[in-house]
Each structure stands twice: as structure tokens, then as C-alpha cells.
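The residues making up each chain are set out below.
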Amino acid sequence: MKRPEPVQVVKSRRDAALTKLYSGVPYVQFLGVQFDRRGDELTAVLPYDEKLIGNPILPALHGGAIAAFLETAAVIELTWASLWEQLEAGDVDPETMNTPRMPKTIDFTVDYLRSGLPRDAYARARVNRSGRRYASVHVEAWQDNRNRLFAQATGHFLMPPRDDG
Amino acid sequence: MTEDKKTKLAKQFIEALPHSKALGMEFEAIGDGFAEISMPWDARFVGDPETGVIHGGAVSALMDTCGGAAVMSHPQSAQGTATIDLRIDYMRAATPGQRIRARADVYHVTRSVAFVKASAHDDDPENPVAAATGAFTFQMATS
């Protein structure tokens, strides 16, 4: 039996692949979104920045910034989930792979549950259905307390055509 | 309120929102229960580096700002507003390099909710890039 790879090799391969998914997207950089990874679980992180504010009097995060953050979390989760098996099987090498084609958003609905505080925000997306062409993704976002969501969203996505035909 | 005063207030509204300002949004027109706001194409707002198409999130921000401005411009609106929910349909990719213009209309208000429809287009107004429907908090002015 083959010896398991050293944990650092596995981790750095996964991290390199994940970074490749979002580091090349200008708008994700503009918002400052980052991703934490634990195994295959991703948490999108939106560090607080003044330019994310919508209502300066409250102050509260802009609904548009929140929508963009949740949509980014959904798209990256979807791409990551579809890449995961190939990555684990060693079929793709993060160093040489092309940036994967992103799914296209068909529609995206955001529920604003409470106003976004001027603090870091976190989001996790769950792929509820992923077919060859269409996918449905749900996203939950919170700030200080995981149990007090400040926004949630559902989106439908058109998957990129697969290389294997 | 006179048109001039409304226009001035609307301009101030956009400029007072740091996120809208960061996205370069410009106020185009405002009336009783409608608003028009535009946003430039900018390399920093690109969602797909291969095509240069603007990220859906930036379009969402434009729709949300425009919806909020439309609600605040409603003749019966007493104060500010917050988005309750917003659904965006992305009909096609916006053409890189072109401004995106959004228009939002309040089509119904109750004592506590304003219902809004919005659409956005680039230089081809016949083919919208996105449409939105949303509910916003509303405080009816007592007269």
C-alpha cells in the first residue's frame, strides 16, 4: 500500500488550489474577501473596511457589499466543491492548472436579517444541488455570533461546460 | 419638495454612502418614487478576468443603492430605508468598458414596506443586463 503523503504536502496543495480560485478576481480583491479552509470546509471572511459602509450614520455595511460578499462565497464554494475530487485524486496540479472557469450567476436573492455592523463578517455556502448545468447554493452570513445570522442568500448558477465533454 | 432640492439631496445621499462612492456611482435622475444611478466600468470591479465582465456583486450594489434612493424619493416617505430582501436576475454579461445604468421604481407602498422593481443596462438599453425586485423598510409620513 502507498504511504499517505505528508500532511504539509496535502495542505499546501489544497491551499494553492484555493488561492488560485479567487486571487485572480479583481472585484474579490477590491472587497478584500479571504477564505479560511478546514479540510474541504470554506469560510469566506470579509474584513471590515470603511469603503464597505452604506449608512454612515448607524453605521452599517452596504447591502450591496453584503450581497457581493455572499455571492462571492457561493461562487467560490461551488467551484471549490467541483474541483475537490480531482484535486484529491491528484488529477490536477495547482501549480500548473488554469484558473477554473467560474459558474455564471442566474439569480441571487439576499435576505437582510439585521444591519451589518462595522466589523468583520463571515459566510459559509452550502451547495444544495449541483447538476451538469445548474446548481443551487445557499449562503449564511454572520458577524460576532454564528447563531445570529445577519444575512442569508440563495442563488442559482449555470455551471461552466466541462472539459471531459 | 422642489425638483432642484430633491436632486441636490439625492446627490448628497450617494456621496454620503462610502460604498457607493467607492464604486464610482453617479446620480442621474430622481423623481417621486423613482431613481436612476449609473456606475462606470472599472478594472477593479471585474469578476471574470478572462472577459473583463463586471462582477455581479457590483451590479447588486448598484441595484440596492438605486432601490434605496427610489424609496427615499417617494412622496410619502418619512425617513431613511433599509433593504429587507433583494432578488437580482442576471440576464446577460455587461459589455466591458461601458457604463451600467440602473433605474428603480417603487410600485407599491404600505405603512411599513416599499416594493421596488429595478433594471440595469449598458449602452444597449433594449437588452437589460439585470433586473431586480426588492422589499425595503418604509415609514409613511403622517400628514
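Residues numbered from 1 in each chain as written. Chains lettered and ligands numbered in written order. Predicted model: local features only at pLDDT ≥ 70, side-chain atom pairs only at ≥ 80, totals over all residues. Heavy atoms only, no water.

(A) Spatial organisation of the overall build of chain B. When its secondary structure is counted, chain B shows 3 helices and 8 strands. Order of helices (α) and strands (β) in chain B, N terminus to C terminus: α-α-β-β-β-β-α-β-β-β-β. At 15 Å, chain B has a C-alpha radius of gyration in line with the 15 Å of a compact globule built from 143 residues. Its C-alpha atoms give chain B principal-axis dimensions of roughly 55 × 25 × 25 Å. Relative to its full complement of 143 residues, chain B shows a buried share of 47%. Considering only contacts in chain B between residues 6 or more positions apart, those separated by 24 or more positions represent 62%. If you sum the accessible surface of chain B, you get close to 6,700 Å²; carbon and sulfur atoms cover 51% of it. (Helix = DSSP H or I, 4+ residues; strand = E, 2+ residues; numbered from the N terminus. Rg over C-alpha atoms; globule rule 2.2 N^0.38 Å. Buried < 20%, exposed > 50% of the residue type's maximum accessible area, 1.4 Å probe, protein only. Contact = heavy atoms within 4.5 Å. Areas by Shrake-Rupley, 256 points an atom, 1.4 Å probe, with all protein chains shown as cover.)

(B) Quick look at the packing of aromatic side chains. Enumeration according to the criterion identifies 8 aromatic pairs over all chains in this entry. Relative to Phe45(B), the ring of Phe30(A) has its centre 5.2 Å away and its plane inclined at 65°; by these criteria the two rings are edge-to-face. Taken together, the positions of Phe30(A) in helix H2 (residues 26-31) and Phe45(B) in the loop between strand E2 (34-39) and strand E3 (46-48) put the pair across two chains. Residue Phe45(B) is classed as buried on the basis of its relative accessible area of 1%. Considering the side-chain rings of Tyr122(A) and Trp142(A), the 5.9 Å spacing of their centres and the 35° angle between planes classify their relative orientation as tilted. With a gap of 20 residues between them, Tyr122(A) in strand E6 (residues 121-130) and Trp142(A) in strand E7 (residues 134-142) connect regions that are remote in the sequence. Judged by relative accessible area, Tyr122(A) falls into the partly exposed class, the value being 26%. Residue Trp142(A) is classed as buried on the basis of its relative accessible area of 7%. One aromatic cluster is present, formed by Tyr27(A), Phe30(A) and Phe45(B) through successive ring pairs. (Phe/Tyr/Trp six-rings, centres within 6.5 Å; stacked < 30°, edge-to-face > 60°.)

(C) Structural detail: the side chain of Ser20(B). The topology assignment puts Ser20(B) in helix H2 (residues 18-22). When sequence neighbours within four positions are dropped, the list of residues in contact with Ser20(B) reads His62(A), Ile14(B), Met25(B) and Thr65(B).

(D) How the structure looks around the interface of chain A and chain B. Taken together, the 28 residues of chain A in the interface contact 29 residues of chain B. Inspection of the region where chain A meets chain B yields 1 salt bridge. For the pair chain A and chain B, the number of links is 13 residue pairs in polar contact (both at pLDDT 80 or more). Only H2, strand E3 (53-55), helix H3 (63-88) and strand E5 (104-112) of chain A provide two or more residues apiece to the side of chain A that touches chain B. With 8 residues, the single largest contributor to the side of chain A that touches chain B is E5(A). Looking at the side of chain A that touches chain B, its residues break down into 15 nonpolar, 8 polar and 5 charged. (Salt bridge = Lys/Arg side-chain N within 4 Å of Asp/Glu carboxyl O. Polar contact = N/O pair within 3.5 Å; in protein donor to acceptor, adjacent residues only side chain to side chain. Nonpolar A, V, L, I, M, F, W, Y, C, P; charged D, E, K, R; others polar.)

Coordinates in, geometry out; function isn't part of it.
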